[in-house]
Amino acid sequence: MAIKAAFEMVKEATAEIETISPAEAIRRKDDEDFLLVDIRDPRELEREGRIPGAYHAPRGMLEFWIDPASPYYKPIFGEKKKFVFFCAAAGRSAISVKTLQDMGMENIAQLGEGFSGWRKAGGPVEGGRNG
Ligand SMILES: O=S(=O)([O-])[S-]
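What this report covers is the structure whose coordinates are included nearby. (Residues numbered from 1 in each chain as written. Predicted model: local features only at pLDDT ≥ 70, side-chain atom pairs only at ≥ 80, totals over all residues. Heavy atoms only, no water.)

## Side note on the nonpolar core
Moving on, step 1. In terms of nonpolar packing, the biggest core is built from 21 residues, with Val37, Phe77, Phe83, Phe85, Leu100, Met105 and Ile108 touching the most fellow members.
Moving on, step 2. A per-element tally of this core places helix α5 (residues 92-103) first, with four residues.
Moving on, step 3. With residues up to four places along the chain from it excluded, the contact list for Phe83 reads Leu35, Val37, Ile76, Phe77, Met105, Asn107, Ile108 and Ala109. (Core = buried A, V, L, I, M, F, W, Y, C linked by side-chain atoms within 4.5 Å. Buried < 20%, exposed > 50% of the residue type's maximum accessible area, 1.4 Å probe, protein only. Helix = DSSP H or I, 4+ residues; strand = E, 2+ residues; numbered from the N terminus. Contact = heavy atoms within 4.5 Å.)

## A short note on the environment of Glu8
Moving on, step 1. Considering the arrangement of structural elements, one finds Glu8 in helix α1 (residues 6-15).
Moving on, step 2. Among the residues examined, Glu8 registers a relative accessible area of 33% and is labelled partly exposed.

## Structural notes on the site of the ligand
Moving on, step 1. Lining the immediate environment of the ligand, one finds Cys87, Ala88, Ala89, Ala90, Gly91 and Arg92.
Moving on, step 2. At 3.0 Å, a backbone N or O of Ala88 approaches an oxygen atom of the ligand.
Moving on, step 3. For the ligand, whose free accessible area comes to 210 Å², the fraction covered by protein is 68%.
Moving on, step 4. When grouped by side-chain class, the residues that make up the shell around the ligand number four nonpolar, one polar and one charged. (Near = heavy atom within 4 Å. Polar contact = N/O pair within 3.5 Å; in protein donor to acceptor, adjacent residues only side chain to side chain. Areas by Shrake-Rupley, 256 points an atom, 1.4 Å probe, with all protein chains shown as cover. Nonpolar A, V, L, I, M, F, W, Y, C, P; charged D, E, K, R; others polar.)

Spelled out as structure tokens, the structure:
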């Protein structure tokens, strides 16, 4: 059986979800009803730094953290906010947001170009070893 290309999955997912530009995310980052959700691995956060105020939800646990019926549910995902997920470059976030959307989660989007787009657009970053 042929393996479907990961980037094809990203392309298909991206076509079905909302993407917010880094500039818009920077503008809205302090809004009470707007939350950036960092789905990168802990090692990436240590190495590259993090967006101040972003909530860290490792991609591996996402489906379980947003599902109120799951023992791993995180009530923050039940709050009335716009949840904007990001990874390093909007690959994993596209697939993740599509999955959460399919699960019925509303008011979600991904951050276009991910953490690298945020950095390029001049968004604040804290920590990291590549500073
Ligand atoms: O998934 S990724 O875009 O961060 S490589």
